[in-house]
Amino acid sequence: MNYNDDLYWESKNFSNIPLSVFSDENIYKREIEKIFIGPVWLFLGLEAEIPNSGDFITNFAGDIPIVVNRSKDGNIYAFVNRCAHRSSTVVRELRGNSKNHTCIYHRWCYNHKGELTGVPYQKGINGKGGLPDDFNKNSHFLKRLKVELYKGAIFGSFSDKVEPLLDYLGPEIIKPLDRFFSKPVEVLGYMRQRIDGNWKSYFENLTDGIHAGLLHQLAVKMGLWGSTPDGGIKLDRYGRHSHYYINYLKDTKYKGEYYKNKFALNDLTFSETVDEWDDDISTDTISIFPNVMFATVSNFLMTEQIRLVNPGEFELLSIVIGYKEDSPILRKLRQHQVAWLGPAGYVALEDSEAGSLIHKAIKGQDKEHSYLGYGGHGKIKSSDNVLTEIGVRGFWRYYCYLMDFDSTRDNLKYLDSF
Amino acid sequence: MKSTYNIDLSKIEVIRLLFYKYAQCIDDSNLDEWPNFFVDDCLYRIIPKENENFEEPFAILYADNKNQLKDRVFIIKKALVYSLRYYRHNITNIFTNKIEDGIYHVTSNYVVYSTDQVSGQTILFSVGKYKSEIILKNKKPYFKKLDVLVDTFSIQRQMPIPL
């Protein structure tokens, strides 16, 4: 297919982003084809959501409806939620447990691996009707995704060409993921937001270190980080994923009381912290191209998956987790700390607003571009400070690599790693 | 425990007024008054429908005393960046299910519309149910517990302001 191959990407160093990528319908279709069903690993959920045989969740890979479930063999399988017969939705519940999956339209029945196990009227009735003699159930399976797990996270891919998951993640991402999954996890609940904006402006936000001290004034006032946050951004070897960490202000850890007078709050329970990891990190976000962030803010832990709706709309689905061994006190503290994240969270609600503000502003200006300058225009590499947009440039470079635009093919060589 | 039909109707009317005043307070952007609808050791939670079946339903907004409600109001006014909108509550089906130890267990339905302050456009923002425990102090009703059980569990943009 030939989608908008004339997109002109002026910037050789991915510091100028043409606005049409945020709104163009053809670009969106190309993203599904080149990225979401391309050689990437998509976050599909957590093992803790489906601990038992027959447990299933429905989800979206990009905007493609899928089912993820656990089979009797203990393994996890994922497939497109579309019947191989007449393309009807097979699994109609959000989550649950089921011995098999039967499409209600014509009762085609599939097992946990997505294999067709039963079709009605195969031989017809009394020799009349039915399917052709050469009908073979084995050639009518649900479309499967390849699945690999890391710790408790389930990743899937439609592509045979994708790297093994461990290579895809790389050591820069595996290290903080090990912190996130340092103990067996338990799902505490879900949070969702529908946002009028383009999914990529949200991914930009995840790897943008500058805005933390500027947009999120409460976090600064409460001492979660300073107005110039102390931390850094580590990128994987392609710059596509990022690990962004901020340290506590030196004098603030465990000293919520200190802020009572500074910012007249009555109850600072949500800003208290239990030292679970023996480090000084207050905020730790791991963004994995193209659809997930693993976030730890203080003691609040969640995954946040980006699900596409259309070029101007996306949904965030967060899974809030705790550790199985949590004391009741720690469990309660995690609930209190939702004050930071989610649709009513003091930090996260501002991020969702930022995405909408871009969406509103760019209408009718496809030939304009946005600018990424913090951290310079040079090599895309890890940074020992967060005052940089280098992770955002890394995202765009890998995006262009997969999208394979005529105008950026040569530019990829301009920077290292390719 | 009294049967619902034997309740003093004047008290039922007082409880109805509590819900209407509560809605008026938020809809008129009079948030400073909002915490005063609660007792000091209150519990206020906004719980998405998809979390209701968990043993301990996870709330996206959680406060277990009145001070935390006051803090949210303060933070909304002093620190937060969010899309500017007006809320409009319709509260119906206010029903006292039981009275036990002086606590009125009251449920009601709500519909909240949200109007963008810049574009003037209105959306149906949230539909759900209030599940509350109300006590009377000096004949005045207060929420001891207010759970907002949200049917619309995929939230449009964000939910900075309480429902």
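Remember, it's a predicted structure, so these values are computed and weren't measured experimentally.

### Concerning the pairing of strand β4 (residues 64-70) of chain A
Residues and elements named next belong to chain A. The buried fraction of β4 is high, at six of seven residues. Where strand β3 (residues 55-61) lies against β4, six bridges are found, and the strand directions are antiparallel. When the bridges of β4 are listed, A61 appears paired with I64. Where β3 hands over to β4, the hairpin turn is made up of two residues, of which G62 adopts a positive phi near 70°. As paired strands, β4 and strand β5 (residues 76-80) are joined by five bridges and run antiparallel to one another. Its bridge partner being in β5, V68 is matched across the sheet by A78. Where β4 folds back on β5, the antiparallel hairpin that results is connected by five residues, among which G74 adopts a positive phi of roughly 85°.

### Some points on the sheet that holds strand β11 (residues 153-157) of chain A
Residues and elements named next belong to chain A. Across the sheet, seven strands lie side by side as β2-β11-β10-β5-β4-β3-β6; this open sheet has antiparallel pairing. Unpaired on one side and paired on the other, β2 (42-46) and β6 (95-97) mark the two borders of the sheet. The mean inter-strand angle of the sheet, taken between neighbouring strand axes irrespective of direction, is 30°.

### Describing empty space enclosed by the protein
To find the voids left in a structure, one rolls a probe of water-molecule size over its atoms. One pass over the full model with this rule turns up four cavities of 30 Å³ or more. Its boundaries defined by the atoms lining it, the largest cavity holds a volume of some 220 Å³. Contributing to the lining of the largest cavity are 20 residues, with H211, T285, M293, V347 and D351 of chain A lying nearest its centre. Those elements that place two or more of their residues in the lining of the largest cavity are α4 (199-206), β14 (242-247), β15 (281-288), β16 (292-297), β17 (300-310) and α9 (348-361) of chain A. Partitioning the lining of the largest cavity into residue classes produces 13 nonpolar, five polar and two charged. There is about 160 Å³ of room inside the second largest cavity. Lining the second largest cavity are 15 residues, with F270, A339 and Y346 of chain A together with Y62 and Q68 of chain B sitting closest to its centre.

### Examining the interface of chain A and chain B
On the side of chain B, 35 residues touch chain A, which itself brings 41 residues to the contact. Across the chain A/chain B interface, buried area totals approximately 3,300 Å², and carbon plus sulfur atoms make up 55% of it. Put simply, chain A and chain B have five salt bridges between them. Put simply, R157 of chain B and D196 of chain A hold a salt bridge, and the shortest N to O gap is 2.7 Å. For the pair chain A and chain B, the number of links is 22 residue pairs in polar contact (both at pLDDT 80 or more). Elements represented by at least two residues in the side of chain A that touches chain B include exactly β12 (185-195), α6 (217-222), β18 (313-323), α8 (328-336) and α9 of chain A. With nine residues, the top contributor of residues to the side of chain A that touches chain B is β12 of chain A. Tallied by class, residues from the side of chain A that touches chain B come to 20 nonpolar, nine polar and twelve charged. Bridge count between β12 of chain A and strand β7 (residues 155-156) of chain B: two bridges; the pairing is parallel. Within the sheet, the bridge partner assigned to Q193 of chain A lies in β7 of chain B and is I155 of chain B.

### Things to note about the confidence of the model for chain A
Of the residues in chain A, 93% reach a pLDDT of 70 or more, and the chain-wide mean stands at 91. Confidence drops under a pLDDT of 50 for residues 253-261 of chain A, and excluding neighbours within four residues, the segment shows 19 contacts in the predicted structure.

### What to know about the environment of W108 of chain A
Residue and element names in this part refer to chain A. When you line up the elements, W108 lands in the loop between β7 (101-102) and β8 (109-110). Judged by its relative accessible area of 6%, W108 falls in the buried class. For the pair W108 and D404, spaced 296 residues apart in sequence, the C-alpha to C-alpha distance is 39 Å. Excluding anything up to four places from it in sequence, W108 contacts C83, A84, H85, H101, T102, C103, L116, G118, V119, P120, F135 and H140.

### Points about the packing of α4 of chain A against helix α10 (residues 390-403) of chain A
All names here are of chain A. Look at α4 against α10: their axes get within 8 Å of each other, and the N-to-C directions meet at 140°. Between α4 and α10, the interaxial angle falls into the category oblique. Side by side, α4 and α10 meet where W199, K200, F203 and E204 of the first sit next to V392, F395, W396 and Y399 of the second. Considered class by class, the residues forming the contact of α4 with α10 number six nonpolar, no polar and two charged.

### Focus: the environment of E313 of chain A
Residues and elements named next belong to chain A. Among the secondary structure elements, E313 is positioned in strand β18. The spatial distance from the C-alpha of E313 to the C-alpha of I233 is 28 Å, given a sequence separation of 80 residues. Aside from chain neighbours lying at most four places away, what touches E313 is R194, I195, G197 and L308. A polar atom in the side chain of E313 sits 3.3 Å from the side chain of R194.

Rules used in this analysis
Residues numbered from 1 in each chain as written. Chains lettered and ligands numbered in written order. Predicted model: local features only at pLDDT ≥ 70, side-chain atom pairs only at ≥ 80, totals over all residues. Heavy atoms only, no water. Buried < 20%, exposed > 50% of the residue type's maximum accessible area, 1.4 Å probe, protein only. Helix = DSSP H or I, 4+ residues; strand = E, 2+ residues; numbered from the N terminus. Pairing = 2+ DSSP bridges. Axes fitted to C-alpha atoms, helices over the stretch in contact; angles between N-to-C directions. 1 Å grid on protein atoms, 1.4 Å probe; cavity = no way out; pocket = protein on both sides within 12 Å on 5 of 7 lines; lining within 4 Å. Points joined across faces, edges and corners; volume = space filled by probe spheres on them. Nonpolar A, V, L, I, M, F, W, Y, C, P; charged D, E, K, R; others polar. Contact = heavy atoms within 4.5 Å. Buried area = accessible area lost by both parts, 1.4 Å probe. Salt bridge = Lys/Arg side-chain N within 4 Å of Asp/Glu carboxyl O. Polar contact = N/O pair within 3.5 Å; in protein donor to acceptor, adjacent residues only side chain to side chain. pLDDT = per-residue confidence, 0-100. Parallel < 35°, antiparallel > 145°, perpendicular 65-115°, else oblique.

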